[in-house]
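The residues making up each chain are set out below.
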Amino acid sequence: MDLPFRRILIVGIMGSGKSTVGRRLARELGWVFRDFDEVLEEEVGKPIARIFAEEGEAGFRVREAEVAESLLSLDRVVLASGGGWPCFPGRMESLAPDTLAIWLRVDPSAAVERVGRGYRRRPLLEVPEPEGTLRALLEERTAYYALAHWTEESRGEESPADVARRLARRLRNESGRTSIP
């Protein structure tokens with residue numbers, strides 16, 4: 001498939017399915033998949049929760065930005081950002097023109113359920129009311145996520161494979177364009 005961009009960046013709140021859908025989409029396209037958090041953990045040799053505990057959120061965000069800069073230079077790659085990575089002024093607007101950004105939008109209650117089933121600890125949700133915290137985070141971050149070129153719903157009744165196939169179909173339909181919509 002001849003696409004008018006060299007990489008796809010999936011953004012959204014934790015639990016939206018960025019990594020799971022991204023992996024499947026990369027497979028559909030015959031591209032490579034990279035997750036900001038997984039690469040960061042590999043490079044630092046510590047889980048995200050430990051980085052947060054030892055360096056705080058500010059230290060984590062500095063490391064995350066370094067990883068993102070490296071990954072956003074790759075070709076034929078689907079990337080899953082961390083949930084907070086896009087939420088800094090100018091970050092989404094400064095993406096290279098050959099990067100397609102997709103906001104994977106999800107209802108906060110579905111996201112909390114997904115996070116609870118996951119293997120990775122989420123330090124920002126280790127609070128008494130995780131759904132309320134996630135709703136507040138989403139409210140703060142929506143303006144940043146909305147800067148993505150596309151918005152795709154990640155509905156609870158659909159499998160990640162269904163969402164990835166839907167995105168791949170849309171990409172095939174858009175592949176004749178010379179620029180990102």
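Everything below is about the structure printed above this text.
In this numbering scheme, every chain counts its residues from 1 along its sequence in written order. At least 70 in pLDDT is required for a residue's local features to be given in this predicted model, at least 80 for side-chain atom pairs to be given and counted, and no such filter applies to totals for whole chains, interfaces and linings, which use all residues. The basis for every side-chain value is the complete set of non-hydrogen atoms in the structure, without hydrogens or water.

**Regarding a negative patch on the surface**
Only residues whose relative accessible area exceeds 30% and that form no salt bridge are eligible for patches; like-charged ones are grouped when within 9 Å, while nonpolar side chains (Val, Leu, Ile, Met, Phe, Trp, Tyr) are grouped when within 5 Å. The accessible surface values rely on the Shrake-Rupley method and a 1.4 Å probe; as for residues, cover is taken only from the protein chains in view. Salt bridge criterion: a side-chain nitrogen from Lys or Arg within 4 Å of a carboxyl oxygen from Asp or Glu. Residues scored as positive are Lys and Arg, those scored as negative are Asp and Glu, and His as well as the terminal groups of each chain are ignored. Charged groups are reduced to one reference atom each: NZ for lysine, CZ for arginine, CG for aspartic acid, CD for glutamic acid. A cluster of acidic residues, E42, E43, E66 and E69, forms a negative patch at the surface. A helix here means a DSSP run of H or I that spans at least four residues, while a strand means a run of E at least two residues long, and both kinds are numbered starting from the N terminus. Only α2 (36-44) and α3 (48-71) provide two or more residues apiece to the negative patch. Among the structural elements, E69 can be located in helix α3.

**Some thoughts on α3**
Because an α-helix completes one turn every 3.6 residues, residues spaced three or four positions apart along the sequence face the same direction. Over its 24 residues, α3 runs only 18 Å from end to end, short of the ideal 34 Å by more than 12%, given 1.5 Å per residue. Of all the bends in α3, the largest measures some 115° and sits at E55. To estimate the expected span of a helix, subtract one from its residue number and multiply by 1.5 Å. At any given residue, the bend is defined as the angle formed between two axes, one fitted to the seven residues that end at that position and one fitted to the seven that begin there.

**Comments concerning the pattern of salt bridges**
Within this structure, the stated rule accounts for 14 salt bridges. Between E54 and R50 there is a salt bridge; the shortest N-O distance is 2.8 Å. Of the two residues, E54 and R50 are both situated in helix α3; the distance of four residues between them amounts to about one turn of the helix. Throughout this description, buried means an accessible area under 20% of the type-specific maximum (1.4 Å probe, protein chains only), exposed means over 50%, and partly exposed covers the range between. Given the relative accessible area of 44%, E54 is considered partly exposed.

**Focus on the side chain of R91**
Looking at where R91 falls in the secondary structure, it is placed in the loop between β3 (77-80) and β4 (99-105). A distance of 2.8 Å separates a polar side-chain atom of R91 from the backbone oxygen of W85. Pairing of N or O atoms within 3.5 Å defines a polar contact, subject to two protein rules: one partner must be a possible hydrogen donor and the other a possible acceptor, and residues neighboring in sequence count only if both atoms are side-chain atoms.

**With respect to the nonpolar core**
By convention a nonpolar core is built from buried Ala, Val, Leu, Ile, Met, Phe, Trp, Tyr and Cys residues, the set being connected through side-chain atoms within 4.5 Å. Among the nonpolar cores identified, the biggest contains 29 residues, and L9 and W85 are the most heavily contacted of them. For this core, the secondary-structure elements that each account for two or more residues are β1 (7-11), α2, α3, β3, β4 and α5 (130-145). Among the elements that make up this core, the one with the highest residue count is α3 (seven residues). We call two residues in contact whenever any of their non-hydrogen atoms come within 4.5 Å of each other. Apart from residues lying up to four places away in sequence, L9 is in contact with F36, L72, L79, S81, W85, L95, T99, L100, A101 and I102.

**Points about unusual backbone geometry**
Notably, R76 is not glycine yet its phi reads approximately 55°, a positive angle. Judged by its relative accessible area of 45%, R76 is partly exposed.

**Notes on the packing of helix α1 (residues 18-29) against helix α6 (residues 160-174)**
Packing of α1 against α6 brings their axes to within 8 Å, and their N-to-C directions diverge by 45°. Here α1 lies oblique to α6, going by the angle between them. Viewed along their axes, α1 and α6 form a crossing whose handedness is right-handed. Along its contact with α1, which presents T20, V21, R24, L25, E28 and L29, the element α6 presents P160, A161, V163, A164, R165, L167, A168, L171 and R172. Partitioning the contact of α1 with α6 into residue classes produces 10 nonpolar, one polar and four charged. In this analysis an axis means a line fitted to C-alpha atoms, helices contributing only their contacting stretch, and an angle means the value between N-to-C directions, from 0 to 180 degrees. Relative orientations are named as follows: roughly parallel for angles under 35 degrees, roughly antiparallel for angles over 145 degrees, roughly perpendicular for angles from 65 to 115 degrees, and oblique for any other angle. If you view the pair so one helix is near and one far, a crossing is left-handed when the near helix is turned anticlockwise from the far one by less than a right angle, and right-handed when it is turned clockwise. Nonpolar residues are Ala, Val, Leu, Ile, Met, Phe, Trp, Tyr, Cys and Pro. Charged residues are Asp, Glu, Lys and Arg, and all others, Gly as well, are polar.

**A few points about the environment of R91**
For the pair R91 and Y144, spaced 53 residues apart in sequence, the C-alpha separation works out to 8.7 Å. Discounting residues that sit within four places of it in the chain, R91 has contacts with A65, W85 and P86.

**Quick notes on the packing of α2 against α3**
Where α2 meets α3, the axes come as close as 9 Å, and the angle between the chain directions of the two elements is 110°. In terms of axis orientation, α2 runs roughly perpendicular to α3. Contacts between α2 and α3 involve F36, D37, V39, L40, E41, E43 and V44 from the former and I48, I51, F60, R63, E64, V67, A68 and L71 from the latter. In the contact of α2 with α3, the residues fall into 10 nonpolar, no polar and five charged.

**Description of the sheet that holds strand β5 (residues 150-153)**
Paired strands, as defined in this entry, are two strands with at least two bridges between them according to DSSP. What the five strands build is an open sheet, ordered β2-β3-β1-β4-β5; its pairing is parallel. Bordering the open sheet on either side are β2 (32-35) and β5, each of which pairs with just one other strand. Going from strand to strand, the sheet's axes swing by 25° on average, the running direction of each strand aside. In this structure, β1 lies alongside β3, joined through four bridges in parallel fashion. Bridging across to β3, L9 finds its partner in L79. On the sheet, α2 packs against β1, β2 and β3 and is oriented at approximately 70° with respect to β2. Those strands touched by α6 are β1, β4 and β5, and its axis lies near 150° from that of β5.

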